[in-house]
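This is what each chain is made of:
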Amino acid sequence: MRIGVFFQEFEPYHYAKDPGQIVLGLSEIGVDVELVTLGKPTLVGYKELPIKLIQSEQAQDAAFWRTSGYNMVLAYTWLRSPFLWILQLLNAAGLPVIVKGDTDGRLNYPLY
């Protein structure tokens with residue numbers, strides 16, 4: 001099984017937080033996993049985790065996800081509507097999805 005963990009705004013300090021630790025833990029038990037995030041200068045040469053840097057256009061293309069080789073994707077959405085687009089694309093690509101709310105154990109009413 002090959003798993004992609006989509007966290008759009010990953011930065012090196014996220015290594016010690018859920019996105020990094022989920023990828024690290026799955027990798028340590030033998031799962032073929034990589035973090036998928038938008039490319040940015042702070043991640044050039046980053047080698048702490050298996051990582052795939054993509055462009056925004058790729059992230060928004062169901063064909064990219066369909067041909068990614070992932071058997072499933074864990075997607076960070078914070079349970080918020082601005083991130084529905086990634087769920088719709090992954091669904092269109094035919095990939096099973098686990099939604100990571102990352103709500104710190106509580107749900108709040110959004111103010112937007």
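This text follows the structure it describes.
Residues numbered from 1 in each chain as written. Predicted model: local features only at pLDDT ≥ 70, side-chain atom pairs only at ≥ 80, totals over all residues. Heavy atoms only, no water.

A. Main features of the overall build of the chain. The secondary structure content of the chain amounts to four helices and five strands. Along its sequence from the N terminus, the chain presents helices and strands in the succession β-α-β-β-α-α-β-α-β. In terms of C-alpha radius of gyration, the chain reaches 14 Å, essentially the compact-globule figure of 13 Å for 112 residues. The dimensions of the chain, computed from C-alpha atoms along their principal axes, are 35 × 30 × 30 Å. Here the chain holds 112 residues, and the buried ones make up 38% of them. Contacts in the chain between residues far apart in sequence, at least 24 positions, make up 63% of those at least 6 positions apart. (Helix = DSSP H or I, 4+ residues; strand = E, 2+ residues; numbered from the N terminus. Rg over C-alpha atoms; globule rule 2.2 N^0.38 Å. Buried < 20%, exposed > 50% of the residue type's maximum accessible area, 1.4 Å probe, protein only. Contact = heavy atoms within 4.5 Å.)

B. Just the side chain of threonine 37, in detail. Tracing the chain through its elements places threonine 37 in strand β2 (residues 32-38). The exposure class of threonine 37 is buried, given its relative accessible area of 0%. A distance of 3.0 Å separates a polar atom in the side chain of threonine 37 from the backbone oxygen of glutamine 8. Ignoring sequence-local partners within four residues, the contact set of threonine 37 consists of Phe7, Gln8, Glu9, Phe10, Leu43, Ile51, Lys52, Leu53 and Ile54. (Polar contact = N/O pair within 3.5 Å; in protein donor to acceptor, adjacent residues only side chain to side chain.)

C. Spotlight on unusual backbone geometry. For tryptophan 78, which is not glycine, the phi dihedral falls at a positive 55°. Of note in this structure, leucine 79 is not a glycine but carries a positive phi near 55°. Note that leucine 79 resides in the loop between β4 (72-76) and α4 (84-92). Take leucine 79: its relative accessible area is 53%, and that puts it in the exposed class.

D. Quick look at the nonpolar core. Membership of the largest hydrophobic core comes to 16 residues, with the highest contact counts inside it found for Phe6, Val36, Ile54, Trp65, Val73, Leu90 and Leu95. Filtering out sequence-adjacent residues up to four positions away, isoleucine 54 remains in contact with Phe6, Val36, Thr37, Leu38, Gly39, Ala59, Phe64 and Trp65. Counting 14 residues, the second largest nonpolar core, distinct from the first, contains Phe7, Val23, Leu49 and Ile51. (Core = buried A, V, L, I, M, F, W, Y, C linked by side-chain atoms within 4.5 Å.)

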